[in-house]
Amino acid sequence: MYIVCVTSCPVGIAHTYMAAANLEKAVKAKGHEVKVETQGAQGVENEITAEDIGRADGCIIASDVRIKNSGRFEPVPTLTVGVSEAVKDAKAIVEELLEAIS
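Residues numbered from 1 in each chain as written. Predicted model: local features only at pLDDT ≥ 70, side-chain atom pairs only at ≥ 80, totals over all residues. Heavy atoms only, no water.

For the protein, the name recorded in an unreviewed UniProt entry is PTS sugar transporter subunit IIC, with Enterocloster clostridioformis as its organism.

## Focus on the pattern of salt bridges
Selection criterion: One side-chain nitrogen of Lys or Arg within 4 Å of one carboxyl oxygen of Asp or Glu is enough to make a salt bridge. By the criteria applied, helices consist of DSSP H or I runs no shorter than four residues and strands consist of E runs no shorter than two, each listed in order from the N terminus. Exposure is judged per residue with a 1.4 Å probe applied to protein chains only, and the accessible area is read against the type maximum: over 50% gives exposed, under 20% gives buried, and values in between give partly exposed.
All told, the structure shown has 5 salt bridges when counted by the stated rule. Note that Arg72 and Glu37 form a salt bridge whose closest N and O atoms lie 2.6 Å from each other. Separated by 35 residues along the polypeptide, Arg72 in the loop between strand 4 (58-63) and strand 5 (78-81) and Glu37 in strand 2 (residues 33-40) bring together distant segments of the chain. By relative accessible area, which is 0% here, Glu37 ends up buried.

## Some thoughts on the packing of helix 1 (residues 14-29) against helix 3 (residues 83-101)
Operational definition: Lines fitted to C-alpha atoms define the axes here, with helix axes fitted over just the stretch in contact, and angles between the N-to-C directions of these axes take values from 0 to 180 degrees. In what follows, roughly perpendicular refers to angles from 65 to 115 degrees, roughly parallel to angles under 35, roughly antiparallel to angles over 145, and oblique to any angle outside these ranges. Contacts: residue pairs with any heavy atoms within 4.5 Å of one another. Amino acid classes used here: Ala, Val, Leu, Ile, Met, Phe, Trp, Tyr, Cys and Pro are nonpolar; Asp, Glu, Lys and Arg are charged; the rest, including Gly, are polar.
In contact at an axis separation of 8 Å, helix 1 and helix 3 are set at 5 degrees when each is read in the N-to-C sense. The orientation of helix 1 with respect to helix 3, classified from their angle, is roughly parallel. Touching His15, Thr16, Met18, Ala19, Asn22, Leu23, Ala26 and Val27 of helix 1 are Val83, Ala86, Val87, Ala90, Lys91, Ile93 and Val94, all from helix 3. Residues belonging to the contact of helix 1 with helix 3 are distributed by class as follows: 11 nonpolar, 3 polar and 1 charged.

Encoded structure:
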């Protein structure tokens, strides 16, 4: 499976990138491909493309703020959580998404 994720926090520094790293690690631990877009203080990095969305089996949005272009994920089963939840327990989030799309 191919999972896309977006992370963003109000300040756009620590939690954005910790959540991204944890989600990436958790998806890979399950044996799946992943691409994580961060929307932090540096702006949008590793942007998810239309091609990525077309390939995606599922999407995780870990954010405490409004993310840019969230409507682009409408065709993909999406799980939305708070960014701190992804920092604390990315494994459970990934498992919940995989269960929902199986």
